[in-house]
There are 2 protein chains.
Amino acid sequence: MSVRLRPIQALRLWQEVGLSMVRRHAVDLTQRQMVILLTIYLEPPPHTVRGLAAKLGVTKPVITRALDAMGELDLVSRRRDPADRRNVIIQRTVRGSLFLDEFSDRVVEAAGALSP
Amino acid sequence: MSVRLRPIQALRLWQEVGLSMVRRHAVDLTQRQMVILLTIYLEPPPHTVRGLAAKLGVTKPVITRALDAMGELDLVSRRRDPADRRNVIIQRTVRGSLFLDEFSDRVVEAAGALSP
DNA sequence: CCCGATCGTTTCACATCCGTATCATCTTTC
DNA sequence: GAAAGATGATACGGATGTGAAACGATCGGG
């Protein structure tokens, strides 16, 4: 049950969603931060810094700093892996779940309103 | 002919598209810049700085600087309005059209690949 | 003609993000 | 146990975005 979308509809969808985010002065995440957040919430744990860095094709400091920023916003949390204390396990938070719920609702709504 | 999308599909779509952008080390536009670019290409001209600022609910310098950045990348161009030389008319470019064409293709492809 | 209004840009101080290199800590191997 | 490897965090220098305020250029009504 794939989703059929035409190019012009894709552009309008992105514009509409982006516009609603900008106008609300909502939480303004970088594209990378958003991808990291989505990966944490969509893919099976455990998530580590090096795993995310490899998946995104970026360096580890990028992940660390993105987690710093999103941790400050309480969108994700970190704790040491007790089994291997070098690892950091990245975890979801209530606020992060809520944020993505609202975001997805906005996308669904915008998609439903696409006209042509 | 609206597009029916479930919340989980919306999140996966955003993740997939964002991931492909990040991995390609592609042009990295701010959310605001992307919205501005989409507005210029999707809505009927003429586009002015104040018009875009009002539509997005941001200050004019934000638009000016976004246009600076995207103009540097040759995604948009500016010229003075000959009728009222205070105005600046923002125009599309070949490179900007190409960029959005490729972007929309990526979105369409990701949407078609959504499984559940 | 001139003075207020409009439009886009610039300035300033500040914050954030990036990539590279380096660091401290922890684990594994010999 | 000591050395090598792995892991995440930090330091540094540079680039870029932001909001608020002020600026120069241009238009238009009296």
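Refer to the structure above for everything that follows.
Residues numbered from 1 in each chain as written. Chains lettered and ligands numbered in written order. Predicted model: local features only at pLDDT ≥ 70, side-chain atom pairs only at ≥ 80, totals over all residues. Heavy atoms only, no water.

Asks: Lay out the protein's contact with DNA strand D with the relevant residues and their values.
Replies: Around DNA strand D, the surrounding shell holds 21 residues, and the nearest of these are Lys60(A), Thr64(A), Arg32(B), Gln33(B) and Val62(B). Each atom of DNA strand D within 4 Å of the protein belongs either to a base or to sugar and phosphate, the latter forming 67%. Measuring from a phosphate oxygen of DNA strand D, one finds a side-chain N or O atom of Arg78(A) at 3.1 Å. A distance of 3.1 Å separates a base oxygen of DNA strand D from a polar atom in the side chain of Arg65(B). Where the surface near DNA strand D is concerned, the elements lending two or more residues are helix H3 (49-56) and helix H4 (60-72) of chain A together with helix H2 (31-42) and helix H4 (60-72) of chain B. Looking at the surface near DNA strand D residue by residue, the classes come out as six nonpolar, five polar and 10 charged. (Near = heavy atom within 4 Å. Polar contact = N/O pair within 3.5 Å; in protein donor to acceptor, adjacent residues only side chain to side chain. Helix = DSSP H or I, 4+ residues; strand = E, 2+ residues; numbered from the N terminus. Nonpolar A, V, L, I, M, F, W, Y, C, P; charged D, E, K, R; others polar.)

Asks: For the packing of aromatic side chains, give the residues involved together with the corresponding values.
Replies: Each aromatic ring pair is specified by the distance between its two centres and by the angle formed by the two planes. Taken as a whole and judged by the stated rule, the model has three aromatic pairs over all chains. The interplanar angle of 0° and the centroid separation of 3.7 Å between the aromatic rings of Trp14(A) and Trp14(B) together place this pair among those described as stacked. With Trp14(A) in helix H1 (residues 7-23) and Trp14(B) in helix H1 (residues 7-23), this pair bridges two chains. The same class applies to Trp14(A) and to Trp14(B), which are both buried. With centroids separated by 5.4 Å and ring planes inclined at 85°, the aromatic side chains of Trp14(A) and Phe103(B) adopt a geometry described as edge-to-face. Here Trp14(A), found in helix H1, pairs with Phe103(B), found in helix H5 (residues 94-112), and the two come from separate chains. Across this residue pair, the class does not change: Trp14(A) and Phe103(B) are buried. Each member of the aromatic cluster is reached from another via a ring pair, and the members are Trp14(A), Phe103(A), Trp14(B) and Phe103(B). (Phe/Tyr/Trp six-rings, centres within 6.5 Å; stacked < 30°, edge-to-face > 60°. Buried < 20%, exposed > 50% of the residue type's maximum accessible area, 1.4 Å probe, protein only.)

Asks: Can you tell me about the packing of H2(B) against H5(B), naming the residues and giving the values?
Replies: Residue and element names in this part refer to chain B. Following both chains from N to C, one finds H2 and H5 inclined at 105°, their axes separated by 11 Å at the closest point. Between H2 and H5, the angle falls in the class roughly perpendicular. Contact with H2, carried on its side by Met34, Leu37, Leu38 and Tyr41, involves Gly96, Ser97, Phe99, Leu100 and Phe103 of H5 and no other residues of that element. (Axes fitted to C-alpha atoms, helices over the stretch in contact; angles between N-to-C directions. Parallel < 35°, antiparallel > 145°, perpendicular 65-115°, else oblique. Contact = heavy atoms within 4.5 Å.)

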